[in-house]
Structures are given as structure tokens and as C-alpha cells.
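Structural features, examined
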Amino acid sequence: MIFVNLPVSNLARATAFYEAIGATRNPQFSDDTASCMVISETIFVMLLTHDKFRQFTSKTIADARTTSEVLLCLSAANRDAVDGYVTKATGAGGSADPSPQQDYGFMYGRSFEDPDGHIWEVMWMDLEAATKAQAATA
């Protein structure tokens, strides 16, 4: 399992955004300082107010709109699912494609930025075609 912890400036707005792109809020691990957003059985995003986030680090919280902190990537079932994530994100107040789109035939990816500036990539890959392409260049 992976828990991605993200500092957010407005917890209610961030929670609504992640719900709009398909995550489910787990109330058992949520309160007025944090929302546990379930993306899948193994991927959780902990949205933390800045005060809560500061309890885990003494470092300055990066402004993700101006500083690259991390690039997160989710896999998708197909090309349409990639586009669907980005469409949902923009409809919920995010920005589409802050990173260049990638289309290699066997691999397709796009990205979105959440309201706090965190960038998420969404990728689909045909593993069989990728393996064949790699073998052809070896």
C-alpha cells in the first residue's frame, strides 16, 4: 500500500476535488485537519492542512504552483480512462496537461494539476506491445 501525503491550503476544496475525480473519502481516517482519499485498494492520498502537515516535517512546505515537489503517476486501464481522469480533473477545478502529453502508440499519458498545484500523471501502457518494441531495439 502507498499513502501519499499532500499539504493543501483548503481541505474542503481539496476533498471535493479528489471526490470529483473518483476518490472516496474514508471518514475513519479523516477529520477537520485531514481527509483520507481512497483511490484504490492500495493507493490512499492523505490531504493534510498545512498545520497538520507541519507535524510531520520541519521543512518548509513547498508551493506546488511554483516549485516542483514530486510527480505522481497513476495507471489507467486504457487511453479513454486517461482522458477521463483529465476531463474530471478540469471539471473539478484542476488544470489539464501541465506536463507534455505522451503518445508512443503502446503508451499514452496526460497529466493534471490539482487546485494546490500538485501534478498527477495518468498513464496507459500496452505491456505486450511495449515488450515487443523494447525487444526490437535490443
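This one's a predicted model, so the numbers in the text were calculated from it and none came from an experiment.

Parameters and conventions
Residues numbered from 1 in each chain as written. Predicted model: local features only at pLDDT ≥ 70, side-chain atom pairs only at ≥ 80, totals over all residues. Heavy atoms only, no water. Helix = DSSP H or I, 4+ residues; strand = E, 2+ residues; numbered from the N terminus. Buried < 20%, exposed > 50% of the residue type's maximum accessible area, 1.4 Å probe, protein only. Contact = heavy atoms within 4.5 Å. Areas by Shrake-Rupley, 256 points an atom, 1.4 Å probe, with all protein chains shown as cover. Salt bridge = Lys/Arg side-chain N within 4 Å of Asp/Glu carboxyl O.

**Things to note about the overall build of the protein chain**
The secondary structure content of the protein chain amounts to 4 helices and 9 strands. Helices and strands appear in the protein chain in the N-to-C order β-α-β-β-β-α-β-α-β-β-β-β-α. A principal-axis box enclosing the C-alpha atoms of the protein chain has dimensions of 50 × 30 × 30 Å. The 138 residues of the protein chain split such that 38% are buried. Here the analysis covers contacts within the protein chain between residues at least 6 apart in sequence; of these, 51% occur between residues at least 24 apart. Of the accessible surface of the protein chain, which amounts to about 7900 Å², a share of 52% is contributed by carbon and sulfur atoms.

**Notes on the pattern of salt bridges**
Inspection of every chain in the model, using the stated rule, returns 6 salt bridges. The salt bridge partner of Asp63 is Arg65, with a shortest N-O separation of 3.9 Å. For Arg65, a relative accessible area of 47% translates into the label partly exposed. As a salt-bridge pair, Arg79 and Asp103 come within 2.8 Å of each other at their nearest N and O atoms. Placement of Arg79 in helix α3 (residues 79-91) and of Asp103 in strand β7 (residues 102-103) is noted, with a sequence separation of 24 residues between them. Take Arg79: its relative accessible area is 30%, and that puts it in the partly exposed class. One salt-bridge network, in which partners are shared between bridges, spans Asp83, Asp97 and Arg110.

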